[in-house]
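Okay, here's what each chain looks like letter by letter:
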Amino acid sequence: MGVTDIDLDDTGLAQAEKLKKRLSLEEIDKVYASDSCRALNFASIIFDRKPIVKMRELREMNFGVLEGMTYEEILRKYPKVYDEWLSDIHSANIPEGESMQSMKERVLGAFNKITSANRGKILAIVTHAGPIRVIVNDITRSVNFWDVMPDSASVSVIEFADKMPKVVLINDTSHL
(Lines give C-alpha, C1' and ligand atoms only; values in the text may rest on other atoms or scores of the structure.)
Protein backbone atom coordinates (compact mmCIF):
# COMPACT_ATOMS: atom_id res chain seq x y z
CA MET A 1 0.00 0.00 0.00
CA GLY A 2 2.95 2.30 0.42
CA VAL A 3 1.99 5.83 1.41
CA THR A 4 -1.56 5.51 0.11
CA ASP A 5 -3.58 6.58 3.13
CA ILE A 6 -6.23 3.93 3.68
CA ASP A 7 -7.93 2.91 6.89
CA LEU A 8 -7.99 -0.49 8.55
CA ASP A 9 -10.31 -3.13 7.18
CA ASP A 10 -12.20 -5.63 9.35
CA THR A 11 -9.18 -7.93 9.50
CA GLY A 12 -6.93 -5.10 10.69
CA LEU A 13 -9.47 -4.05 13.32
CA ALA A 14 -9.71 -7.63 14.63
CA GLN A 15 -5.90 -7.96 14.67
CA ALA A 16 -5.61 -4.71 16.64
CA GLU A 17 -8.05 -5.99 19.27
CA LYS A 18 -6.07 -9.22 19.64
CA LEU A 19 -2.78 -7.35 19.98
CA LYS A 20 -4.38 -4.99 22.51
CA LYS A 21 -5.28 -7.99 24.64
CA ARG A 22 -1.76 -9.40 24.35
CA LEU A 23 -0.11 -6.12 25.36
CA SER A 24 -2.63 -5.19 28.05
CA LEU A 25 -0.29 -6.09 30.92
CA GLU A 26 2.80 -4.44 29.42
CA GLU A 27 4.03 -1.18 30.89
CA ILE A 28 4.58 1.03 27.87
CA ASP A 29 6.04 4.46 28.64
CA LYS A 30 5.50 6.08 25.26
CA VAL A 31 3.88 5.25 21.92
CA TYR A 32 5.07 6.41 18.51
CA ALA A 33 3.30 5.74 15.22
CA SER A 34 3.46 6.47 11.55
CA ASP A 35 1.07 9.28 10.72
CA SER A 36 -0.76 7.13 8.17
CA CYS A 37 -4.41 6.52 8.96
CA ARG A 38 -4.03 2.74 9.23
CA ALA A 39 -1.07 2.93 11.62
CA LEU A 40 -2.61 5.64 13.79
CA ASN A 41 -5.93 3.84 14.08
CA PHE A 42 -4.14 0.58 14.84
CA ALA A 43 -2.10 2.27 17.58
CA SER A 44 -5.13 4.02 19.05
CA ILE A 45 -6.97 0.70 19.42
CA ILE A 46 -4.03 -1.04 21.07
CA PHE A 47 -3.01 1.86 23.30
CA ASP A 48 -6.40 3.49 23.80
CA ARG A 49 -5.43 5.38 26.95
CA LYS A 50 -2.00 6.61 25.87
CA PRO A 51 -1.11 9.64 23.82
CA ILE A 52 0.46 8.73 20.50
CA VAL A 53 3.33 10.69 18.99
CA LYS A 54 2.72 10.84 15.23
CA MET A 55 5.81 10.75 13.04
CA ARG A 56 5.72 11.18 9.28
CA GLU A 57 9.21 9.66 9.17
CA LEU A 58 7.76 6.27 10.19
CA ARG A 59 5.64 6.02 7.04
CA GLU A 60 5.95 3.18 4.57
CA MET A 61 8.02 3.68 1.44
CA ASN A 62 6.53 5.84 -1.31
CA PHE A 63 6.12 3.55 -4.31
CA GLY A 64 5.37 6.40 -6.71
CA VAL A 65 3.65 5.26 -9.91
CA LEU A 66 3.22 1.77 -8.40
CA GLU A 67 1.06 2.99 -5.48
CA GLY A 68 -2.31 1.30 -5.30
CA MET A 69 -1.59 -1.19 -8.06
CA THR A 70 -1.85 -4.99 -7.86
CA TYR A 71 1.16 -7.11 -8.81
CA GLU A 72 -0.60 -8.03 -12.05
CA GLU A 73 -1.12 -4.36 -12.92
CA ILE A 74 2.50 -3.55 -12.11
CA LEU A 75 3.74 -6.41 -14.28
CA ARG A 76 1.56 -5.22 -17.15
CA LYS A 77 2.28 -1.47 -16.92
CA TYR A 78 5.78 -1.30 -15.40
CA PRO A 79 7.57 -4.64 -15.93
CA LYS A 80 11.02 -3.02 -16.19
CA VAL A 81 10.57 -1.06 -12.95
CA TYR A 82 9.38 -4.22 -11.20
CA ASP A 83 12.31 -6.28 -12.53
CA GLU A 84 14.77 -3.62 -11.35
CA TRP A 85 13.07 -3.57 -7.93
CA LEU A 86 13.35 -7.34 -7.54
CA SER A 87 16.89 -7.64 -8.87
CA ASP A 88 18.46 -4.75 -6.93
CA ILE A 89 16.14 -3.07 -4.47
CA HIS A 90 18.88 -0.79 -3.18
CA SER A 91 19.49 0.96 -6.49
CA ALA A 92 16.06 0.59 -8.14
CA ASN A 93 14.43 3.84 -9.12
CA ILE A 94 10.64 3.95 -8.97
CA PRO A 95 9.27 6.89 -10.99
CA GLU A 96 7.72 9.55 -8.71
CA GLY A 97 8.65 7.37 -5.72
CA GLU A 98 11.23 7.16 -3.00
CA SER A 99 14.57 5.39 -3.19
CA MET A 100 15.45 2.68 -0.71
CA GLN A 101 18.34 4.83 0.53
CA SER A 102 16.01 7.75 1.17
CA MET A 103 13.58 5.56 3.09
CA LYS A 104 16.40 4.03 5.14
CA GLU A 105 17.77 7.44 6.11
CA ARG A 106 14.29 8.70 7.02
CA VAL A 107 13.31 5.66 9.09
CA LEU A 108 16.66 5.19 10.85
CA GLY A 109 16.80 8.91 11.61
CA ALA A 110 13.40 8.63 13.30
CA PHE A 111 14.35 5.46 15.16
CA ASN A 112 17.57 7.00 16.46
CA LYS A 113 15.73 10.17 17.48
CA ILE A 114 13.08 8.14 19.35
CA THR A 115 15.54 5.88 21.16
CA SER A 116 17.96 8.67 22.05
CA ALA A 117 15.18 10.71 23.63
CA ASN A 118 13.83 7.77 25.63
CA ARG A 119 16.77 5.92 27.16
CA GLY A 120 15.67 3.42 29.78
CA LYS A 121 12.01 3.60 28.75
CA ILE A 122 9.74 0.97 27.25
CA LEU A 123 8.44 2.17 23.91
CA ALA A 124 5.99 0.99 21.30
CA ILE A 125 6.49 1.96 17.68
CA VAL A 126 3.61 1.23 15.32
CA THR A 127 4.77 1.32 11.73
CA HIS A 128 4.78 -0.64 8.47
CA ALA A 129 6.62 -3.64 7.01
CA GLY A 130 9.24 -1.60 5.13
CA PRO A 131 10.33 0.49 8.13
CA ILE A 132 10.39 -2.62 10.34
CA ARG A 133 12.65 -4.33 7.82
CA VAL A 134 14.94 -1.30 7.69
CA ILE A 135 15.29 -1.10 11.48
CA VAL A 136 15.80 -4.83 12.06
CA ASN A 137 18.20 -5.19 9.12
CA ASP A 138 20.24 -2.25 10.39
CA ILE A 139 20.53 -3.76 13.87
CA THR A 140 21.37 -7.24 12.59
CA ARG A 141 23.66 -5.80 9.90
CA SER A 142 21.79 -7.66 7.16
CA VAL A 143 22.13 -6.28 3.64
CA ASN A 144 19.26 -8.39 2.32
CA PHE A 145 16.10 -6.30 2.63
CA TRP A 146 13.99 -9.45 2.31
CA ASP A 147 15.56 -11.23 5.32
CA VAL A 148 12.75 -9.89 7.49
CA MET A 149 9.17 -10.44 6.35
CA PRO A 150 6.98 -8.94 9.08
CA ASP A 151 3.35 -9.98 9.09
CA SER A 152 0.58 -7.50 9.78
CA ALA A 153 0.01 -7.01 13.52
CA SER A 154 3.21 -8.87 14.42
CA VAL A 155 5.38 -8.00 17.39
CA SER A 156 9.12 -7.47 17.22
CA VAL A 157 11.14 -6.52 20.29
CA ILE A 158 14.42 -4.64 20.42
CA GLU A 159 16.30 -4.28 23.68
CA PHE A 160 19.14 -1.90 24.42
CA ALA A 161 22.04 -2.98 26.60
CA ASP A 162 24.97 -0.61 26.96
CA LYS A 163 23.35 1.60 24.30
CA MET A 164 23.53 -1.23 21.77
CA PRO A 165 20.28 -2.52 20.24
CA LYS A 166 19.59 -6.23 20.03
CA VAL A 167 16.63 -7.89 18.31
CA VAL A 168 15.18 -10.35 20.85
CA LEU A 169 11.85 -11.17 19.15
CA ILE A 170 10.83 -10.81 15.56
CA ASN A 171 7.54 -11.18 13.72
CA ASP A 172 5.67 -12.87 16.57
CA THR A 173 2.02 -13.45 15.70
CA SER A 174 1.11 -15.90 18.47
CA HIS A 175 -1.67 -13.54 19.60
CA LEU A 176 -3.44 -13.84 16.27
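Residues numbered from 1 in each chain as written. Predicted model: local features only at pLDDT ≥ 70, side-chain atom pairs only at ≥ 80, totals over all residues. Heavy atoms only, no water.

**Notes on the nonpolar core**
Reasoning step 1: Judged by nonpolar contacts, the single largest core of 20 residues is most densely connected at Leu 66, Trp 85, Met 100, Met 103, Val 134, Ile 135 and Phe 145.
Reasoning step 2: Every element with two or more residues in this core is listed here: helix 4 (79-87), helix 5 (100-117) and helix 6 (129-140).
Reasoning step 3: Take this core: its biggest share by element is five residues, from helix 5.
Reasoning step 4: Core analysis: the second largest hydrophobic core is formed by 18 residues, Ala 33, Phe 42, Ile 45 and Val 126 among them. (Core = buried A, V, L, I, M, F, W, Y, C linked by side-chain atoms within 4.5 Å. Buried < 20%, exposed > 50% of the residue type's maximum accessible area, 1.4 Å probe, protein only. Helix = DSSP H or I, 4+ residues; strand = E, 2+ residues; numbered from the N terminus.)

**Focus: the side chain of Arg 106**
Reasoning step 1: Relative to the helices and strands, Arg 106 resides in helix 5.
Reasoning step 2: With relative accessibility at 19%, the residue Arg 106 sits in the buried group.
Reasoning step 3: Side-chain polar atoms of Arg 106 contact the side chain of Glu 98, separated by 2.9 Å.
Reasoning step 4: Excluding residues within four positions of it along the chain, Arg 106 makes contact with Arg 56, Glu 57, Leu 58, Arg 59, Glu 60, Met 61 and Glu 98. (Polar contact = N/O pair within 3.5 Å; in protein donor to acceptor, adjacent residues only side chain to side chain. Contact = heavy atoms within 4.5 Å.)

**What about helix 1 (residues 10-23)?**
Reasoning step 1: Taking 1.5 Å per residue as the helical rise, helix 1 with its 14 residues ought to reach 20 Å, and the 20 Å between its terminal C-alpha atoms agrees with that figure.
Reasoning step 2: Taken together, the buried positions of helix 1 are Gly 12, Gln 15, Ala 16, Leu 19 and Leu 23. Considered in projection along helix 1, the buried side chains sweep an arc of 105 degrees and stay on one side of the axis. Exposed residues lying more than 90 degrees from the buried face of helix 1 are Asp 10 and Lys 21. (Expected span 1.5 Å × (residues − 1). Arc of directions from axis to C-beta.)

Read these as geometric descriptors, not functional statements.
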